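Here is what each chain is made of, one letter per residue.
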Amino acid sequence: MKSDAVIIKLIEILRERFANHPGRVYLKTNKGQFGLFLLCFAMLFFAVVIPVCAQESVAPSDTSTSEVVLGWENICKVGFWNQVQLALPGTSQLTDPVLTITTHDAWGHDVIFRQTPKVETQAESIKVVGHFKIGDLLSPVSIELSSDDQSVVYRKRLRAGVDFEVIRQDRPLIITYGDPAGFDYSREDYAARLAAIPQVISLSSSDQFSIDPVNYQMLHAVVIAQKYDVTELANKALKRWVQQGGHLVVSIGNQDD
């Protein structure tokens, strides 16, 4: 690399100058004498620091407005496949994108999931979807999206307990839609009767249902009441999940039509 050649050249200059003038080391230029240390620092800054900073920049647009959601509404479960969903501003096409997700296993070692994500161009953004597993309740999740020329399009590190929540493998995760009764586990008496208090996620819109059957594998149950406007694609995903052993509860009440 160019920066490597610059560093090698600097080392050669240092050796030569120290050999000839062990007490003082200066380089002469047409504008006088400059300290070699200052010159070396400047050359290293432009040869190494600036290129590294350029590699850290994110293209093609400002990702401060980007949205990233993990699992179900930023709730992940240990030992199961979790979804990562990016919404990048702009509509420019991604060519041969590669999504790399790094998490920790149960022993704190890095686990890397490198994949070709699903990409969908929407009205004002690009939706990128991938999957990963997490093995530790405190595991961070590092996300990097790059294109075919290996340029970084998006990079972010998320912290467990701050940016998202991780629940144990044995803790039930329940999705409700339509505000069914009986799923308020905040009462103190539940703690004495239940080995693990269920984590309940209430969906407010049918658009929040996943259309990928993989995302339902971590769920203990899906409960639907009063609202039945689930999309056709979500219905297919739910049907496949139920066929694989998932628990779907639908309460129709007096709306038997």
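This text gives an overview of the structure that appears in the document. (Residues numbered from 1 in each chain as written. Predicted model: local features only at pLDDT ≥ 70, side-chain atom pairs only at ≥ 80, totals over all residues. Heavy atoms only, no water.)

## Digging into the pairing of strand β10 (residues 141-146)
Pairing between strand β6 (residues 98-104) and β10: five bridges, direction antiparallel. Pairing of Thr 102 across the sheet is with Ser 142, part of β10. Here β10 runs beside strand β11 (residues 152-158); their pairing, made up of six bridges, is antiparallel. Residue pairing across strands places Ile 143 opposite Lys 156, the latter belonging to β11. The hairpin turn running from β10 into β11, its antiparallel successor, is five residues long, and Gln 150 in that turn takes a positive phi close to 70°. (Pairing = 2+ DSSP bridges. Helix = DSSP H or I, 4+ residues; strand = E, 2+ residues; numbered from the N terminus.)

## Some details on the sheet that holds strand β8 (residues 118-121)
The four strands lie next to each other as β3-β5-β9-β8, forming an open sheet whose pairing is antiparallel. With one partner strand each, in any of the chains shown, β3 (67-70) and β8 form the two edges of the open sheet. Strand-to-strand, the axes of this sheet are offset by a mean angle of 15°, without reference to chain direction. Across nine bridges, the pairing between strand β5 (residues 81-89) and strand β9 (residues 125-133) is antiparallel. Paired with Gln 85 across the bridge in β9 is Val 129. (Axes fitted to C-alpha atoms, helices over the stretch in contact; angles between N-to-C directions.)

## Comments concerning the pattern of salt bridges
Going through the model one piece at a time under the given rule, you end up with five salt bridges. The shortest N-O distance in the salt bridge between Asp 163 and Arg 159 comes to 3.7 Å. Assessed through its relative accessible area of 31%, Asp 163 is described here as partly exposed. In this structure, Glu 165 engages Arg 171 in a salt bridge whose closest nitrogen and oxygen atoms are separated by 4.0 Å. Judged by relative accessible area, Glu 165 falls into the partly exposed class, the value being 31%. (Salt bridge = Lys/Arg side-chain N within 4 Å of Asp/Glu carboxyl O. Buried < 20%, exposed > 50% of the residue type's maximum accessible area, 1.4 Å probe, protein only.)

## Re unusual backbone geometry
A positive phi is found at Asn 74, a non-glycine position, where the angle reads about 65°. Following the sequence through the fold, Asn 74 ends up in the loop between β3 and β4 (75-77). The phi angle at Gln 226 is positive, at roughly 75°, despite the residue not being glycine. You can see Gln 226 is positioned in the loop between β15 (221-225) and α4 (232-243). Classification of Gln 226 as exposed rests on a relative accessible area of 53%.

## With respect to the nonpolar core
Leu 70, Val 84, Leu 86, Phe 132, Ile 143, Leu 145 and Phe 164 are the most contacted members of the largest nonpolar core, which totals 24 residues. Residue assignment for this core shows that the elements contributing at least two residues are β3, β5, β6, β9, β10 and β11. Leu 145 has contacts with Leu 86, Leu 88, Leu 94, Pro 97, Val 98, Leu 99, Pro 117, Val 128, Ser 151, Val 152, Val 153 and Tyr 154, leaving out every residue within four places of it along the chain. Listed in part, the 19 residues of the second largest apolar core include Trp 72, Ile 175, Tyr 177 and Met 218. (Core = buried A, V, L, I, M, F, W, Y, C linked by side-chain atoms within 4.5 Å. Contact = heavy atoms within 4.5 Å.)

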